[in-house]
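# Structural characterization, general
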Amino acid sequence: MSDDVDASSIRFYFSFRSPYAWLAAERLDSELGGLGVPIERIPIFPTPETFPNDPSNLPNKVRYIGQDVARLAREQGLTLRFPSSVDTDWALPHAAFLGAQRDGSGQRFMVEVFRKRYCEGLDVGEDAVVADAARNAGLDSDAILAAGHSEALRAEVSGAWVLAGERDGVFGVPSFVYAGRLYWGQDRMRFLRSAVERKAGA
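We now turn to the structure provided with this report. Not measured: the values here are computed from a predicted model.

### Here's the deal with helix H4 (residues 106–118)
- Under the 1.5 Å per step criterion, the end-to-end length of H4 is 18 Å for 13 residues, consistent within 8% with the ideal 18 Å.
- Counted residue by residue, H4 has eleven buried out of 13 residues, so it is predominantly covered.

### Some points on the packing of aromatic side chains
- All told, the structure shown has eleven aromatic pairs when counted by the stated rule.
- An aromatic cluster is built from Phe-12, Phe-14, Phe-16, Trp-22, Phe-82, Phe-97, Phe-114, Tyr-118 and Phe-176, whose rings are joined through pairwise contacts.

### Details of the nonpolar core
- Membership of the largest hydrophobic core comes to 55 residues, with the highest contact counts inside it found for Phe-109, Met-110, Phe-114, Phe-176 and Tyr-178.
- Here this core takes eight residues from helix H1 (residues 19–32), the largest share from any one element.
- Those residues within four positions of Phe-114 in sequence are excluded, and the remaining contacts are Phe-14, Ser-15, Phe-16, Ser-18, Ala-21, Trp-22, Ala-25 and Cys-119.
- Of all hydrophobic cores here, the second largest spans ten residues; its members include Trp-161, Ala-164, Val-173 and Val-177.

### What to know about the pattern of salt bridges
- Taken as a whole, this structure holds 14 salt bridges when the rule is applied.
- Salt-bridge contacts for Glu-120 lead to Lys-116; the nearest nitrogen and oxygen are separated by 3.3 Å.
- A residue is classified by how much of its surface remains accessible, and Glu-120, at 34% relative accessible area, is partly exposed.
- Relative accessible area serves as the criterion here: at 3%, Lys-116 is assigned to the buried category.
- Several salt bridges share partner residues, and in doing so they unite Lys-116, Glu-120, Asp-132 and Arg-135 into one network.

### Overview of the environment of Val-196
- Positionally, Val-196 belongs in helix H9 (residues 189–201).
- Take Val-196: its relative accessible area is 2%, and that puts it in the buried class.
- Through-space distance from the C-alpha of Val-196 to that of Val-130 is 34 Å; in sequence the pair is 66 residues apart.
- Every residue in contact with Val-196, bar those within four places of it in the chain, is listed here: Ile-10, Leu-35, Val-37 and Tyr-178.

### Describing helix H7 (residues 151–158)
- Taken as a whole, H7 has its buried residues at Leu-153, Arg-154 and Val-157. Each buried residue of H7 sits inside an arc of 100° when the element is viewed along its axis, so together they form one side. Away from the buried face of H7 by more than 90 degrees, exposed residues Glu-151 and Ala-152 are located.

### Here we look at the side chain of Arg-154
- Relative to the elements of secondary structure, Arg-154 occurs in helix H7.
- Assessed through its relative accessible area of 18%, Arg-154 is described here as buried.
- At 3.1 Å, the side chain of Arg-154 and the backbone oxygen of Gly-148 are in polar contact.
- Excluding its chain neighbours within four sequence positions, the residues that come into contact with Arg-154 are Asp-89, Ala-91, Leu-92, Ala-95, Gly-148 and His-149.

Rules used in this analysis
- Residues numbered from 1 in each chain as written.
- Predicted model: local features only at pLDDT ≥ 70, side-chain atom pairs only at ≥ 80, totals over all residues.
- Heavy atoms only, no water.
- Helix = DSSP H or I, 4+ residues; strand = E, 2+ residues; numbered from the N terminus.
- Expected span 1.5 Å × (residues − 1).
- Buried < 20%, exposed > 50% of the residue type's maximum accessible area, 1.4 Å probe, protein only.
- Phe/Tyr/Trp six-rings, centres within 6.5 Å; stacked < 30°, edge-to-face > 60°.
- Core = buried A, V, L, I, M, F, W, Y, C linked by side-chain atoms within 4.5 Å.
- Contact = heavy atoms within 4.5 Å.
- Salt bridge = Lys/Arg side-chain N within 4 Å of Asp/Glu carboxyl O.
- Arc of directions from axis to C-beta.
- Polar contact = N/O pair within 3.5 Å; in protein donor to acceptor, adjacent residues only side chain to side chain.

In structure tokens form, the structure reads like this:
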């Protein structure tokens, strides 16, 4: 992890590939909003070369994740429908997110894409699915698709996994970084909130 102990913001690393990142995104505002600390949303996704311990290669772990996410989604009152395919064109939705974020609608778009994948079971690597998520978020679908197909933005998100590891020691998602400390997992958000509150009190 870097030596950056800046406490002026929270970095939230997420991937549309992760159902745990979806669960965190759904609660992001309710658990971390109102703290007076802005949240920087950073899309990342692994490649086979950068993620040798990919759980999708372990059938028993995949089965467990399915059971675990179902429990957690039920607890949050969310509808769950896993997509039929594990992998897709991950650069498309992540680059599209950067376009939505630059338009000031990153959170809404992020949640809509996650819901397309995990509530509707759709392939978020397809233009039509990303366009519908954009419309649901109140965005211009053509502009968002243009961002998703932008070579510059696709290159940015494709290299983000390695950069996240180098900068903040990130090895999985969802990950949060605040004041130089890493919080990994959607169930660590309460510890992060406590850290922000302690820092504010100090």
